[in-house]
Amino acid sequence: MPIRILSDDLASKIAAGEVIERPASVVKELAENALDAGARDIRLEVRGGGQRLIRVADDGAGIPHDDVPTAFARHGTSKLFAADDLFAIQTLGFRGEALPSIAAVARITMISRHADEMNGTLWKSENAQTLIYQPHGAPRGTVVTVEDLFRNVPARLKFLKSPGAESAHIAELVHAYALAYPRVRFSLVSDGKLVFQSPGSGKLMDVLVKVFGGETAREMLAVNSADDPAAMPASEDGLPDAPLAPPVVNGYITPPSIHRGNRRLQYLFVNGRWIQDRSIAHAVTEAYHTMLMVGRYPVFVLDLRLAPDAVDVNVHPTKMQVRFREPSLVYRAVQRAVRRVLHGKFPVPTVAPASPLTAPNNFLSASPTASLAALDLIPPTDGGASQTPLHLPAVAADGTPLPPRPVSAGTLPMLRVMGQIFSTYIICEGPDGLYLVDQHAAHERVLYEKWMNEREISPATQELLEPLSLELSAMHWAIYESERENLERAGFRLEPFGSQTILLRAIPSLLEHKEPRKTFLEILDMTDEGGNPIRATAEARLVMSICKGAAIKGGQVMSLQEMRALIRDLENTTAPRTCPHGRPTMILMNTAMLEREFGRRG
Ligand code: ADP
Ligand code: MG
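Fair warning: this is a prediction, and the values are worked out from it, not measured in the lab.

Calculation notes
- Once a new chain begins, its residue numbering starts again from 1 and follows that chain's sequence as written.
- Chains and ligands are labelled by the order in which they are written, letters from A for the one and numbers from 1 for the other.
- Reporting of local features is limited, given that this is a predicted model, to residues whose pLDDT is at least 70; pairs of side-chain atoms are given and counted only at 80 or more, and all residues count toward the totals for whole chains, interfaces and linings.
- Hydrogens are left out, water is left out, and the side-chain values use all remaining heavy atoms of the structure.
- Interaxial angles span 0 to 180 degrees and are taken between N-to-C directions of axes, which are lines fitted to C-alpha atoms, for helices over the stretch in contact.
- A run of H or I in DSSP becomes a helix once it reaches four residues, and a run of E becomes a strand once it reaches two; helices and strands are each numbered from the N terminus.
- In this scheme, roughly parallel covers angles under 35 degrees and roughly antiparallel covers those over 145, while 65 to 115 is roughly perpendicular and the rest are oblique.
- If you view the pair so one helix is near and one far, a crossing is left-handed when the near helix is turned anticlockwise from the far one by less than a right angle, and right-handed when it is turned clockwise.
- In this description, contact between two residues means that some pair of their heavy atoms is separated by no more than 4.5 Å.
- Residues were grouped as follows: Ala, Val, Leu, Ile, Met, Phe, Trp, Tyr, Cys and Pro as nonpolar; Asp, Glu, Lys and Arg as charged; and all remaining residues, including Gly, as polar.
- When two rings of Phe, Tyr or Trp (its six-membered ring) have centres within 6.5 Å they constitute a pair, described as stacked for plane angles under 30 degrees, edge-to-face for angles over 60, and tilted for the intermediate range.
- Between buried and exposed lies partly exposed: a residue is buried under 20% and exposed over 50% of the maximum accessible area for its type, with that area taken using a 1.4 Å probe on protein chains only.
- Each ring is checked for a lysine NZ or an arginine CZ that lies within 6 Å of its centre and within 35 degrees of its normal; such an atom marks a charge sitting over the ring.
- The cutoff for a nearby residue is simple: one of its non-hydrogen atoms must lie within 4 Å of the molecule or strand.
- Polar contacts here mean pairs of N or O atoms no more than 3.5 Å apart (in protein, one a potential hydrogen donor and the other a potential acceptor; neighbouring residues in sequence count only if both atoms are side-chain atoms).
- Residue burial considers only the protein chains on display, and all accessible areas are found by Shrake-Rupley using a 1.4 Å probe.

Draft legend 1. Structural detail: the packing of helix α12 (residues 439-454) against helix α16 (residues 560-571). Interaxial distance between α12 and α16 falls to 9 Å at its minimum, and their mutual angle equals 50°. By the criterion of interaxial angle, the relationship of α12 to α16 is oblique. Crossing handedness for the pair α12 and α16: left-handed. Facing Gln439, Ala442, His443, Arg445 and Val446 of α12, the residues of α16 in contact are Leu566, Asp569 and Leu570. Residue classes in the contact of α12 with α16 are distributed as four nonpolar, two polar and two charged.

Okay, here's the thing in structure tokens:
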């Protein structure tokens, strides 16, 4: 094929695709512009998950009439003037890409009036063609309306999720910015309904209540590294003095008794910018050390303040990632700030011998403090060992350790149960070697197949003695709304009960021994979990979540009989070697490998 230069139209659509991936990206860029313009009141409205309409109205500085065409031109920005400025960016935007990118893939209407001008401006364009540019009366500030997003980019349109799912993404984004800017009042209206509003009081706690619900928010612990006598003093503007001073860390974290099955409610901001950073999220989780079970994550909202030149924000098209000049300094500062709060409240747990007190199935029904106490009892007597991953002495020819292999697919031979280790793995002997079975994954597989086999009969439902009223966070409400039908088909009986509150009347019988409230919320979380490795129908996904919620957890002591029953049930499943999510249920150390390791065979 000959090499050709892309047409301007096509090139601009490709460029736009980097910045505008989905409706939430539009909301992000418009909200950032409003914040950069100094707005104190930002009203967002979306319809059809944002694909049909997104409108963002602000009371910020507005755009001077003569500057409007430049604002829509590629690289038109009022925020960056010289190359040097790139190393000390203080605004959320700086590339001048958002408006032209949105204009390339949607119909866009803007009404704006600059604070110093009498008259405002009306601008309208469709697929990057300007249709209207004329004076227009308007209050101070800017209203941008984006309609029919991606109508001219079918490839993108195909990848959009359901309007409910896209709305949930948008809500998550608005929550993030409301948390980062407590002084700004945000409201979000979705399909005509007010789904979120922050008061703009300047108090982060007020926003926490709106996003996580009062119950969680009130339990959260304040983090403020400036309280730390050992931390570097910050200068008057709250920024650390020297560029390489550790960041100032502010925000809130949950106590160890409140945790989630995923990282969705972990909000991290760097100089007021919402970012994603695995390493820092890890620093926070690490600070909880043994206080949380494996696979459980704290909720947090942390704002890091650094000198602008200590962080490069120009590393990613959507600006969701940053690069720190001294990553380890940041990591340590975050970990220290969080740990200081936790250790102040919860002295380091001591390790006691395993105890049969933690009977199977009790985990979810125990009170949060009881389950914490139980956790402390579970680690094995050798202390630190529970922290290191299970190490098996498999070694390659060159001496480097080999990880044990997950067992490949297929059916199972007869297994003889030998015992349990770490209250988490069942050791079995099989004809070909030693099997380590993950009790939670195995139970998930058993429950999942049982459910799927019996689903023709409608799922057994357990009526609650008294209906339970649940006040949902905005995010849970959005998931509930989009999954409602599936939840009911799976055996939950739910009724809306005022704004963001539902009545839970019945649960699937599989969950009857679980604490209904906590389990229901966990299932909402899991159903929403983005990283589901398996393409599954909404129904299967929900069933997987229910089975995961109902399955025995790692960390629960099992009797020999219980283990035998579980292994027998597992042998009878069609795919015993993986859990419904596709992770292995077991690993095998075969006889040959053992013989080699012990030098019994050359
Ligand atoms: P950037 O934010 O990177 O500068 P954008 O394409 O998002 O690029 O916006 C271009 C310019 O339009 C901004 O630099 C700003 O001057 C102006 N602008 C956009 N939205 C607003 C708004 N809501 N209020 C005031 N000015 C705005
Ligand atoms: Mg911008």
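Draft legend 2. Representation of the packing of aromatic side chains. Tallying each qualifying case throughout the model produces seven aromatic pairs. Ring geometry for Tyr267 versus Trp274: centroids 6.1 Å apart, planes at 40°, classification tilted. Ring plane angle 50° and centroid distance 5.1 Å describe the contact between Trp477 and Tyr480, whose orientation is recorded as tilted. A residue pair is termed a helical-turn pair when its members lie 3 or 4 positions apart in one helix, as Trp477 and Tyr480 do in helix α13 (residues 474-489) at three residues. In this structure Tyr480 comes out as buried when scored by relative accessible area, which is 1%. Taken together, the aromatic side chains of Tyr177, Phe212, Tyr267 and Trp274 make up a single cluster linked through ring pairs. In this structure, Lys319 is placed above the aromatic ring of Phe94, and the distance from its NZ or CZ to the ring centre is 5.9 Å.

Draft legend 3. Just the site of ligand 1, in detail. Surveying the vicinity of ligand 1 reveals 20 residues, the closest of which are Asn33, Thr77, Ser78, Lys79 and Gly96. Within the backbone of Phe94, one N or O atom sits 3.0 Å away from an oxygen atom of ligand 1. Here an oxygen atom of ligand 1 and a backbone polar atom of Ala98 are 3.2 Å apart. Relative to its free-state accessible area of 530 Å², ligand 1 is covered by the protein chains to the extent of 92%. Contributing elements (two or more residues each) for the shell around ligand 1: α2 (23-36) and α4 (98-104).

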